[in-house]
Amino acid sequence: MKHLLKLLDLSTEEILDILNTADQLKYELKHGIPHRHLEGKTLGMIFQKSSTRTRVSFETGIYQLGGMGMFLSSRDLQIGRGEPVEDTARVLSRYLDGIMIRTFEQKEVEDLASYGSIPIINGLTDFCHPCQILADMMTVREHKGYLDGLKMCYIGDGNNMANSLIVGGLKVGMNVAIACPDAYQPDQQVLDFAAGYGDKFLMTPDCMEAAADADVLFTDVWASMGQEDEAAARREIFKGYQINNELMKVAKSDCMVQHCLPAHRGEEITADVFEAHANEIFDEAENRLHAQKAVMVLTMGQQ
Ligand code: CP
Ligand code: NVA
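This structure is a prediction, so every number in the text was calculated from the model and none was measured.

Looking now at the site of ligand 1. Taken together, S51, T52, R53, T54, R102, H129, Q132, C260, L261 and R288 are the residues near ligand 1. Within the side chain of Q132, a nitrogen or oxygen atom sits 3.0 Å from a nitrogen atom of ligand 1. Between a nitrogen atom of ligand 1 and a main-chain N or O atom of L261, the distance comes to 3.0 Å. Calculation on ligand 1 without its partners gives an accessible area of 260 Å², and the protein chains cover 94% of this total.

Now for the site of ligand 2. Around ligand 2, the structure places L124, H129, N159, N160, D220, V221, S224, M225, C260 and L261. One of the side-chain nitrogen or oxygen atoms of S224 is found 2.7 Å away from a nitrogen atom of ligand 2. Starting from 270 Å² of accessible surface for ligand 2 in isolation, the protein chains cover 94%. For the shell around ligand 2, the residue count by class is five nonpolar, four polar and one charged.

Let's shift gears to the packing of aromatic side chains. Counted under the stated rule, the structure contains six aromatic pairs. Note on W222 and F238: the rings are 6.4 Å apart at their centroids and 20° apart in plane angle, and the pair reads as stacked. Of this pair, W222 sits in the loop between β8 (216–219) and α9 (231–237) while F238 sits in the loop between α9 and α10 (245–250), placing them 16 residues apart in sequence. On the basis of relative accessibility, which here comes to 5%, the residue W222 falls in the buried class. Note on F238 and Y241: the rings are 6.2 Å apart at their centroids and 80° apart in plane angle, and the pair reads as edge-to-face. For Y241, a relative accessible area of 10% translates into the label buried. Here the aromatic cluster, defined as three or more aromatic residues joined through ring pairs, consists of Y184, W222, F238 and Y241. K49 extends its terminal NZ or CZ atom over the ring of F104, reaching a point 4.6 Å from the ring centre.

Definitions and cut-offs
- Residues numbered from 1 in each chain as written.
- Chains lettered and ligands numbered in written order.
- Predicted model: local features only at pLDDT ≥ 70, side-chain atom pairs only at ≥ 80, totals over all residues.
- Heavy atoms only, no water.
- Near = heavy atom within 4 Å.
- Polar contact = N/O pair within 3.5 Å; in protein donor to acceptor, adjacent residues only side chain to side chain.
- Areas by Shrake-Rupley, 256 points an atom, 1.4 Å probe, with all protein chains shown as cover.
- Nonpolar A, V, L, I, M, F, W, Y, C, P; charged D, E, K, R; others polar.
- Phe/Tyr/Trp six-rings, centres within 6.5 Å; stacked < 30°, edge-to-face > 60°.
- Helix = DSSP H or I, 4+ residues; strand = E, 2+ residues; numbered from the N terminus.
- Buried < 20%, exposed > 50% of the residue type's maximum accessible area, 1.4 Å probe, protein only.
- Lys NZ or Arg CZ within 6 Å of the ring centre and 35° of its normal.

The following block contains the structure:
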């Protein structure tokens with residue numbers, strides 16, 4: 001695997017290879033087994049948006065693999081003053097062994113990969129959040145023992161999380177149901193991909209219909225980073241697109257709940273459902289570390 005730009009680029013085998021490698025790296029970490037696969041390598045981490053989990057898990061992960069992470073805020077880079085991505089990519093490729101980037105436009109991530117010569121890892125764009133979904137799949141598989149045939153349901157905005165969950169879920173054999181308001185559907189490119197999966201994919205404005213018999217329920221914030229000005233309007237539009245005890249009743253009795261975090265209790269999820277499933281949600285947050293270590297090993301380790 002050269003890069004991780006979006007899950008649409010990966011085969012099912014590549015996704016499962018990442019999950020298996022992540023399980024192995026987690027086992028090694030927990031048992032004190034050295035796994036310094038990226039000894040002496042440097043990962044640049046470009047952030048154009050805020051982050052807690054992505055920043056800390058990548059920086060810790062590369063350190064555990066024997067390398068180092070370099071935090072690069074776009075406020076301090078010349079990219080923030082207009083230096084073109086194509087030049088930044090070619091310069092950073094001369095110093096670094098890999099780049100993780102969190103930004104707005106997917107095109108910026110794709111351009112970094114086109115113009116640079118080192119692995120590029122997408123740490124979230126407006127279009128997708130592949131690292132998060134790899135950690136999510138890892139967590140569901142840990143708790144349920146398998147993925148193929150499980151029903152995943154996502155409630156809320158048809159955003160980066162929805163886009164990646166649809167692609168990742170379908171590629172690993174899950175049935176995927178999405179409930180979002182008509183005007184806030186996932187990206188057309190993702191809907192075209194999902195159309196190839198027939199009745200394994202359902203999209204509806206009705207949360208109860210989507211959540212029926214679900215094995216795992218996902219949600220995400222109503223207003224993503226960059227949409228702060230729309231937050232008040234979105235609170236009205238998304239009212240009802242919430243994981244709460246009523247919704248849990250129509251899902252399977254052993255249904256898991258996942259949230260990429262940060263969570264807004266009382267909006268997309270109630271505080272009581274969040275706390276009842278906190279163990280699964282914080283396992284999911286932990287697994288960012290292991291899944292991303294796998295991605296770094298499988299990209300930067302091949303250089
Ligand atoms: N879930 C996630 O990506 O968290 P951060 O925004 O804190 O990195
Ligand atoms: N949809 C959210 C995910 C945060 C991890 C956002 O883009 O802000």
